[in-house]
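# Coordinate inspection notes
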Amino acid sequence: MKILVTGSNGFIGRNLIAELANKGLNDVLCYDIDTDINLLDRYCKECEFVFHLAGINRPQNQEEFMQGNFDFTSSLLTNLKKHGNKAPVLITSSTQAALDNPYGKSKKAGEDLMFSYGKENEVKVFVYRLHNVFGKWCRPNYNSAVATFCHQIANDLPVTINDPNVDMNLVYIDDVIAEFIDCLNNRQSTNDKIMYISRVFSVKLGRIAEMLYDFKETRNSLQVPDMSDNFTKALYSTYLSYLPKEQFSYPLKMNIDHRGSFTEVLKSADRGQISVNISKPHIIKGNHWHHTKNEKFLVVSGKGVIRFRQINGDEIIEYYVSGDKLEVVDIPVGYTHNIENLGETDMVTLMWVNEIYDAQKPDTFFETV
């Protein structure tokens, strides 16, 4: 299938083309503002589906709104009609099409033209009015507050918010692309109905900035954001895509002594924390028990033994562990336990505990196994 994508170098276009390639659809005819205009005629003859994403939203003068958002759409449809090409067409509009401003009027004119073209030529058309779209590869300091905030905060630059109580209606780029590809595959069009992305996030502008600052702080607190919230998950992924290339990594605090080291890696309010424990050869660590705190140990390198004894019993239980056979060992409450490195090299253990360490309530009591 040959797919024509106008606005191919734009934010939505780049994401769409990448996902089309993921699905094995590589025969994409890319058209953007710097493409040879003579190619448009050939593309309109060959294409079997059109994603019309091109448009103007930051012109030097208001007349360019109509030129970029209506005139080019008209030229595209004229070329398709000339070749008798009845390929379905999906066009991106904006919720501002409902507003009485130059940009909105140009988008509304493009919508009306598309609907008329669909009816007159018996062609399936998909007219999407998009809310503010956010996600990776969106250009900062252009027309997206989310992209601008992500760029500024990730690069330690100031953020200006005139009114933090402004309500933002946002759609995530992955949701947009998923629905667009569904149109491509299913082609269920209602030629007289405006379409919208089904999942919309409504968030105050000030709250978005607060969340992004919290994301930045996670490198110090090690606390992972609440990924069960769909907006938090999408915004965090977006924020990470704006990190400066030299700042992808960050150091952790290694608590080092003669026995080895212990390093906290990740923390979560409802999922506890993950740490890495390194034990020197023949070192024993632990010899304590917990009332409610429970753990999981996974030796990923080296070999050793994890020992247990119920605090009011005599039986010692041993589990031999090795990085050669990855095996999780649960640490039940009420059992004093330790871990000993039986090898001649450092033993590395990944440890999970069900709560973040609280020095005021450690729930950890010394008792040798």
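Relevant structure appears above.
Definitions and limits used
Residues numbered from 1 in each chain as written. Predicted model: local features only at pLDDT ≥ 70, side-chain atom pairs only at ≥ 80, totals over all residues. Heavy atoms only, no water. Pairing = 2+ DSSP bridges. Helix = DSSP H or I, 4+ residues; strand = E, 2+ residues; numbered from the N terminus. Axes fitted to C-alpha atoms, helices over the stretch in contact; angles between N-to-C directions. Buried < 20%, exposed > 50% of the residue type's maximum accessible area, 1.4 Å probe, protein only. Right-handed = clockwise from strand over helix to strand, strands pointing away. Left-handed = near helix turned anticlockwise from the far one by under 90°. Contact = heavy atoms within 4.5 Å. Nonpolar A, V, L, I, M, F, W, Y, C, P; charged D, E, K, R; others polar. Phe/Tyr/Trp six-rings, centres within 6.5 Å; stacked < 30°, edge-to-face > 60°. Lys NZ or Arg CZ within 6 Å of the ring centre and 35° of its normal. Expected span 1.5 Å × (residues − 1). Salt bridge = Lys/Arg side-chain N within 4 Å of Asp/Glu carboxyl O.

In space, the three strands of this open sheet follow the order β6-β7-β9, with mixed pairing throughout. Only two strands of the sheet have a single partner each, and these edge strands are β6 (132-134) and β9 (201-204). Shown here is a sheet whose adjacent strand axes are inclined to one another by a mean of 45°, direction ignored. For β6 and strand β7 (residues 167-172), the ladder comprises three bridges, and the chain directions are parallel. Bridge assignment links V133 to a residue of β7, and that residue is V171.

Every second residue of strand β1 (residues 3-6) is oriented toward a common face, with I3 and V5 on one face and L4 and T6 on the other, all of them buried. Here four bridges tie β1 to strand β3 (residues 49-52), and the two strands are oriented parallel to one another. For V5, the partnering residue across the bridge sits in β3 and is F51. In this structure, β1 lies alongside strand β2 (residues 28-31), joined through four bridges in parallel fashion. The partner of T6 across the bridge, within β2, is Y31. Viewed along the sheet, the connection from β1 through helix α1 (residues 11-22) into β2 turns out right-handed.

By the secondary structure assignment, E210 is in helix α7 (residues 205-221). Its relative accessible area of 46% is what places E210 among the partly exposed residues. Taking the C-alpha atoms as reference points, E210 and A359, 149 residues apart in sequence, are found 28 Å from one another.

Angle between the axes and distance between the axes: these two values describe a pair of packed helices. At their nearest, the axes of α7 and helix α8 (residues 230-240) sit 10 Å apart, and the two run at 65° to each other. The element α7 and its partner α8 pack so that their crossing is right-handed. On α8, the residues touching I208, M211, L212, F215, K216 and T218 of α7 are F231, T232, L235, Y236 and Y239. Partitioning the contact of α7 with α8 into residue classes produces eight nonpolar, two polar and one charged.

Here we take up unusual backbone geometry. Phi angles above zero are rare outside glycine, and E122 is one such case at about 55°. With respect to the helices and strands, the residue E122 is situated in the loop between α4 (102-121) and β5 (125-130). The backbone of H282 sits at a positive phi, close to 65°, despite the residue not being glycine. Tracing the chain through its elements places H282 in the loop between β12 (272-279) and β13 (284-289). Look at H282 and you get partly exposed, because its relative accessible area is 46%.

Here the structure, examined in full by the defined rule, presents 14 aromatic pairs. Following the ring pairs from residue to residue traces out a cluster consisting of F49, F51, F126, Y128 and F180. For the cation-ring pair, K136 lies above W137, with the distance from its terminal atom to the ring centre recorded as 4.9 Å. Note that R139 overlies the ring of Y142, its terminal NZ or CZ placed 4.1 Å from the centroid.

In this section: α7. In an α-helix, one turn spans 3.6 residues; hence positions three or four apart end up facing the same way. Across its 17 residues, α7 extends 24 Å between first and last C-alpha, which sits within 8% of the 24 Å expected from 1.5 Å per residue. The complete set of buried residues in α7 reads L205, G206, I208, A209, M211, L212, F215 and T218. Where α7 is buried, its residues contact α5 (145-154), β7, β9 and α8. L222, located one to two residues past α7, shows a positive phi value of around 65°.

All right, on to the pattern of salt bridges then. In a structure, side chains of opposite charge can pair up when their charged atoms sit close to one another. Inspection of every chain in the model, using the stated rule, returns 20 salt bridges. Note that D257 is salt-bridged to R259, the shortest N-O span being 3.0 Å. On the basis of relative accessibility, which here comes to 33%, the residue D257 falls in the partly exposed class. R259 gets classed as partly exposed once you look at its relative accessible area, which sits at 32%. The closest approach of N and O atoms between D270 and R271, which form a salt bridge, is 3.0 Å. The exposure class assigned to R271 is exposed, which follows from its relative accessible area of 55%. The network of salt bridges with common partners includes K2, R42 and E46.

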